[in-house]
Every structure is written in C-alpha cells, then in structure tokens.
Amino acid sequence: NHNINLYDNGSHCRDVLHVQEVCRAIKLICDKGNLNEIYNVGSGNPTQIGEITHLAKHYLKSRSNISNIDTPKFHNTVQTRNFWMDTKKLKSLGFEPKLSLEFIVKDLCL
C-alpha cells in the first residue's frame, strides 16, 4: 500500500516469461537444439512495466497510488528503455509460451 512511481507512465517494455517456462525452454534446447549455438529464451513479446504493475496491484488488493515521474537523466543514459528477446530460433524448436502474463503476475503475488 505504498505509493508506486513509474517512469514514463510505465511504458517501458520487457520480456516476461514464467520460470517454469524458462526451464521448459532450456530442456527443449538441450534435447533438440544445436550444440554450441545460442538460443534466446523469452516470450518474444514486449510487455509494459505499467501493465505488470497494475496487475500486481489488483492481485495484491493494494491501495497504492500509481504515479508518473520523469525518468532521471542518468537512467535515460544507462538504462535500456525497451527490451524483449528475438526468440525465432527457440520457436523453431517448437517452443511457445503457454502461461499468460496474468497467470505469471498472479503466481508471484499470491
């Protein structure tokens, strides 16, 4: 129930994948992937930090206020604004995420 400050209204994007799916992807790579080849493990989909925050607030029944704040110059300089993985090679092995963002956040919160 503490106030939450988000840079740029939480519009920054990240790749979100449940740890169970990370393990499933690693097992698939071990079983079907090419030796000494790099595979990116992720959902391959951008998810806004604000969306994650709002879902978490909902599942925690939080009374927190979510506010927008300007991104400090230092963070604009050193932090990647958006980041998600190119998972084409992983998908070529047959991997598809099965767990929704809602499930992932709910699992973390409850």
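Our subject is the structure listed above.
The structure reproduced in this document is the subject of the present report. (Residues numbered from 1 in each chain as written. Predicted model: local features only at pLDDT ≥ 70, side-chain atom pairs only at ≥ 80, totals over all residues. Heavy atoms only, no water.)

**Some details on the pattern of salt bridges**
Line of reasoning, step 1. On inspection of all chains with the given rule, the structure shows five salt bridges.
Line of reasoning, step 2. Residue R81 pairs with D8 through a salt bridge whose shortest N-O separation is 3.0 Å. Placement of the pair is R81 in the loop between α3 (73–78) and β5 (82–83) and D8 in the loop between β1 (4–7) and β2 (13–15), with a sequence separation of 73 residues.
Line of reasoning, step 3. Residue R81 is classed as partly exposed on the basis of its relative accessible area, which comes to 38%. (Salt bridge = Lys/Arg side-chain N within 4 Å of Asp/Glu carboxyl O. Helix = DSSP H or I, 4+ residues; strand = E, 2+ residues; numbered from the N terminus. Buried < 20%, exposed > 50% of the residue type's maximum accessible area, 1.4 Å probe, protein only.)

**Here we look at the environment of I69**
Line of reasoning, step 1. Looking at the element boundaries, I69 is found in strand β4 (residues 66–69).
Line of reasoning, step 2. When its relative accessible area of 30% is taken as the criterion, I69 is described as partly exposed.
Line of reasoning, step 3. Separated by 28 residues in sequence, I69 and P97 place their C-alpha atoms 33 Å apart.
Line of reasoning, step 4. If we ignore the near neighbours within four places in the chain, the residues touching I69 are N5, L6, Y7 and D8. (Contact = heavy atoms within 4.5 Å.)

**Quick look at the side chain of E21**
Line of reasoning, step 1. Within the fold, E21 resides in helix α1 (residues 19–32).
Line of reasoning, step 2. E21 gets classed as buried once you look at its relative accessible area, which sits at 2%.
Line of reasoning, step 3. Only 2.5 Å separates the side chain of E21 from the backbone nitrogen of K98, close enough to count as a polar contact. (Polar contact = N/O pair within 3.5 Å; in protein donor to acceptor, adjacent residues only side chain to side chain.)

**What to know about the sheet that holds β2**
Line of reasoning, step 1. One open sheet accounts for three strands, arranged β3-β2-β5; its pairing is mixed. This sheet does not close on itself; its edge strands, each paired only once, are β3 (46–48) and β5.
Line of reasoning, step 2. As paired elements, β2 and β3 share three bridges and run antiparallel to each other. In the strand pairing of β3, D15 is matched with P46.
Line of reasoning, step 3. Those strands touched by helix α2 (residues 49–60) are β2 and β3, and its axis lies near 55° from that of β3. (Pairing = 2+ DSSP bridges. Axes fitted to C-alpha atoms, helices over the stretch in contact; angles between N-to-C directions.)

**Section: the side chain of D15**
Line of reasoning, step 1. Tracing the chain through its elements places D15 in strand β2.
Line of reasoning, step 2. We note that D15 is buried and unpaired, the nearest opposite charge coming from K91 at a distance of 8.5 Å.
Line of reasoning, step 3. Within the structure, the side chain of D15 is placed 3.0 Å from the backbone nitrogen of G44, a separation counted as a polar contact.
Line of reasoning, step 4. At 2.9 Å, the side chain of D15 and the backbone nitrogen of M85 are in polar contact.
Line of reasoning, step 5. Filtering out sequence-adjacent residues up to four positions away, D15 remains in contact with G42, S43, G44, N45, F83, W84 and M85. (Lys, Arg positive; Asp, Glu negative; His and termini not counted.)

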